[in-house]
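Spelled out, the chains give:
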Amino acid sequence: MSTVTHAPAVPRSNALKRFFTAREIPVAGALIALILVTYIINPRFLSPQSTKDLMLNATIMVILAVAQALVIITRNVDLSVGAILGLVAFGTGTVFDMFPTIPLVLVFVIGMIFGGLLGSINGMLVTSAKVPALVITLGTLYIFRGVLSSWAGSKQFFSGDNPKAFGNLSVDTLIGIPIITIIAVVITVAVAMFMSSVRSGRDLYAIGSEPDAARLFGIPVGGRVLSAFIACGALTGLAGVLYASRYNSVGALTGSGIELDVVAAVVVGGVAIFGGSGTVAGAAIGAVLLSTITGALTATRVDKFWQQAIVGVLILAAIIIDRVVSLRRARKLRVNEAKDV
Amino acid sequence: MATAAETAPASHAARTPALSLRGASKTFGPVIALADGTIEILPGEIHALVGENGAGKSTLVKILAGVHSPDGGEFLVEGKPAHFRNVSESKAAGISVIYQEPTLFPDLTVAENIFIGRQPKGRAGLISRGEMRRRAAELFTTLGVPIDPDRIADGLSIADQQIIEIAKAISLDANVLVMDEPTAALSGVEVERLFTVARALREKGAGILFISHRFEEVFGLSDRITVMRDGRYIQVHNTAEVTVPAIVKEMVGRELGDLFPKQDAEIGDVVLKVDGLNSIGTFTGIDFEIRAGEIVALSGLVGAGRTEVARAVFGIDPYDSGSVSIGGAALKAHSPRDAIAAGIGFVPEDRRKQGLVLDLSVARNVTLTLRHSLARFGIISGRRERAAAEDWSQRLQVKTGSQELPVSTLSGGNQQKVVLAKWLATDPKLLIVDEPTRGIDVGTKAEVHRLISDLAGRGIAILMISSELPEVLGMADRVLVMHEGRITAELSRADATAERVMQAATGSREALHLDLTDEELSTELEAGK
């Protein structure tokens, strides 16, 4: 009866250790290394203007990655985000065209509701059809893109068509940080808080980790997954509005192919592709890393041709590091427990 | 353990049942899962539910849990009609269920697994992880198990998973606690501790429904026993007034002979030789041999390293030193392929995850290990596959409507037979069976035992890991007992008694320190810690 006397010691969480074993650390490390190396090769890489450009380029990807992470954590994926972004961006141009004096806040609200509606279509199909989200959203990707093509035709909206105040969101800064970047940071922090410390956020992890167990446990799986898709759509809609502010023109092709970049950013950021683990902060860092690589390669005069290959290597590296870390952790647990008994 | 319950219920009529189900039925398409589900659980009683697999126990549990809604019948909770549409509603009514298969979230921490959906809140309505961790640690202290609340659930042993399920159920503070075979993966000490907790809950006035295939537990713990057969309620008894044979007779509707029929087999040459096997942190100095026709049981508490030894022998896990040989030829470490080629078959503990491909047909599962011999020019002929599967299913009496049905539709016992068939088709020299009858009902259990005994009779060497003492004592020619990663006793069939095995398994003084006085023993133990 050796275990009778063995009261379990209450383990204290070691905040510092926890910090360094977090899955985000390797990605953040890679980002810092990338910036430092590029800066050493070309100091102009961190000039004020260049820094601002880096942040602006990362902003939209960060929001898209945070949105996508919500869905991927539930063991789903939304591949239609590129088309949603395009629809909302073009819609934003249309709204300004029709109501040039509309308050900016209202434009954001409309964009998020539009995105949320599109997301809810994905969510309802996924939760009711019981077909993998990969297939469903691949379908809606083409449908949404088709709708955008016939709506936009050859029409394009240019930044000059929009109110000046709207374009300025991507120009003006607050303590050196562009307004839209601040919006992205605020959203990342808010979603991260939700995912780590609100019960329904934790439910999303549970669902992604083991959907059957979640059902047996009484977690409303369908409702939560639907909400994740709606949230993803709404945040993607927000990114679409910001896209219209940031870039010179929006049209039928806006956002084409961006969905794979987004999924790549999320995976590089340490979110497991089969759900259940990873954080939105990690996804955001992954997005910054991928968008910074482009800038870094330009600054170091590396052929742009290599950019995609490097992103591919990063995805594989992220997965391998993750796997090695979890194997090592499992072995350590085994040895520790053997000592404990 | 086998004594009657300490407190027999005084008067049942006087109290409002915590839960009462009468004549509940449930059909799935043409299949009648439950024809007459009837059970009454009083506050402050432990009520056992027994019946063979397929008797409808799990369906009844799922009705109580709100997973299924009954097609007919009456369901009262605290005297009021209940119509649960989902699990949350049954939980809200104070019913908490421990399911047969652990249902954890592998990516979440142990503490979060216990409290998911009702995590303690701290500042600003946000989850307080510190408080959650503290409460989880408290639960583990009550249960007396050293599990770190902060570790993620992935990689926990089945026993630890089951303990977390129990902690989860207890933490709900339910009026009715339903335990569907909670002890299937637990052994000795852990079962005893679970029972202590169950009795404490009974004292507090909770009603407990306890489902188990182990009679000594049913009789040791329960106040009343309800028997089910073929989806129907048969009878309810006061535990003190009934005997095991009477219950078994009601369960199977026929008399059962010897539950563990090990036939004498001719013992041949050494088949498996394990020499000085070490794996740091898991097991040390493992030496043993198994001869043809011999059944050797590997006994011990859950976590003693039995499964790990078996996995190392079969080449699933690497080991740090030592050797494994079959018929004198050394096996390559860490290569199941080599082990299979040398003639080892492995029937794992967790057959649903490791033993079967649940979505594939019965035929495919049986012939999985035969792919090469069934193929011509690398292409498997469907006809030959079916023929081979048919042949083996018949020999093992697998009960299935069709060879083409997914194996997930079979009962636990029949699934186990499919796993056995899969390995027997390879004509193994050594068969490793890990908990061969876990979660299998009495009737099929005896069939599985008879099968294993038959195999030994045909000259196959068998290594059987089992946490059920009667199974170990009834089946094994030799018993090896493990404790904390070492073999602490080797007992012949004649010497093996429940007491000796348990002593060696718990590492208690009688087995390990026969010659020490109390003082010497305590110094010894101090030094060891």
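Structure: above.
Residues numbered from 1 in each chain as written. Chains lettered and ligands numbered in written order. Predicted model: local features only at pLDDT ≥ 70, side-chain atom pairs only at ≥ 80, totals over all residues. Heavy atoms only, no water.

K.L.:
Account for the overall build of chain B, with residues named and values stated.
P.N.:
Scanning chain B from terminus to terminus reveals 20 helices and 22 strands. Expressed as a percentage of the 529 residues in chain B, the buried residues total 56%. The contacts of chain B with a sequence gap of at least 6 include a subset with a gap of at least 24, amounting to 66%. (Helix = DSSP H or I, 4+ residues; strand = E, 2+ residues; numbered from the N terminus. Buried < 20%, exposed > 50% of the residue type's maximum accessible area, 1.4 Å probe, protein only. Contact = heavy atoms within 4.5 Å.)

K.L.:
Talk me through the sheet that holds strand 15 (residues 329-330) of chain B; I want residue IDs and the actual numbers.
P.N.:
All names here are of chain B. Taken in spatial order, the 4 strands make up an open sheet running 12-11-14-15, and their pairing is antiparallel. Whereas interior strands pair on both sides, the edge strands pair on one side only; in this sheet they are strand 12 (283-291) and strand 15. Here strand 14 (residues 321-326) runs beside strand 15; their pairing, made up of 2 bridges, is antiparallel. Within the sheet, the bridge partner assigned to Ile-326 lies in strand 15 and is Ala-329. Relative to strand 12, helix 9 (residues 306-313) is tilted by about 65 degrees, and along the sheet it contacts strand 11 (270-279), strand 12 and strand 14. (Pairing = 2+ DSSP bridges. Axes fitted to C-alpha atoms, helices over the stretch in contact; angles between N-to-C directions.)

K.L.:
Could you give me a rundown of the sheet that holds strand 13 (residues 295-300) of chain B, with the residues and numbers involved?
P.N.:
All names here are of chain B. Taken in spatial order, the 6 strands line up as 16-19-20-13-21-22 in an open sheet, and their pairing is mixed. At either margin of the open sheet sits one strand with a lone partner, and together these are strand 16 (344-347) and strand 22 (486-492). Ignoring which end each strand starts from, the neighbouring axes of this sheet average 20 degrees apart. The sheet contact formed by strand 16 and strand 19 (residues 430-434) spans 4 bridges and is parallel. Each residue of the ladder has a partner; that of Val-347, found in strand 19, is Val-433. In the packing of helix 15 (residues 412-424) onto the sheet, contacts are made with strand 16 and strand 19, and the angle to strand 16 comes to roughly 170 degrees.

K.L.:
How would you summarise the packing of aromatic side chains if you had to cite specific residues and measurements?
P.N.:
Residue and element names in this part refer to chain A. Summed over the entire model, instances satisfying the criterion amount to 10 aromatic pairs over all chains. Ring geometry for Phe-90 versus Trp-151: centroids 5.1 Å apart, planes at 80 degrees, classification edge-to-face. Placement of the pair is Phe-90 in helix 4 (residues 81-98) and Trp-151 in helix 6 (residues 133-152), with a sequence separation of 61 residues. You can call Phe-90 buried: its relative accessible area is 1%. The lysine or arginine in question, Arg-202, covers the ring of Tyr-205, its NZ or CZ lying 4.5 Å from the ring centre. Between the NZ or CZ atom of Arg-246 and the centre of the ring of Tyr-247, over which it lies, the distance is 5.1 Å. (Phe/Tyr/Trp six-rings, centres within 6.5 Å; stacked < 30°, edge-to-face > 60°. Lys NZ or Arg CZ within 6 Å of the ring centre and 35° of its normal.)

K.L.:
Before we move on, could you go through the packing of helix 8 (residues 179-197) of chain A against helix 9 (residues 199-209) of chain A and cite the residues and values that matter?
P.N.:
Residues and elements named next belong to chain A. Running from amino to carboxyl end, helix 8 crosses helix 9 at an angle of 75 degrees, the nearest separation of the two axes being 5 Å. Compared by their axis directions, helix 8 and helix 9 come out roughly perpendicular. Of the residues in helix 9, those in contact with Phe-194, Met-195, Ser-196 and Ser-197 of helix 8 are Arg-199, Ser-200, Gly-201, Arg-202, Leu-204 and Tyr-205. A class-by-class count of the residues in the contact of helix 8 with helix 9 yields 4 nonpolar, 4 polar and 2 charged. (Parallel < 35°, antiparallel > 145°, perpendicular 65-115°, else oblique. Nonpolar A, V, L, I, M, F, W, Y, C, P; charged D, E, K, R; others polar.)

K.L.:
Account for helix 5 (residues 158-171) of chain B, with residues named and values stated.
P.N.:
Residue and element names in this part refer to chain B. The first and last C-alpha atoms of helix 5 sit 20 Å apart over 14 residues, in line with the 20 Å expected at 1.5 Å per residue. Across the 14 residues that make up helix 5, a large majority, 13, are buried. Just beyond helix 5, the residue with positive phi is Asp-173, at close to 55 degrees. (Expected span 1.5 Å × (residues − 1).)

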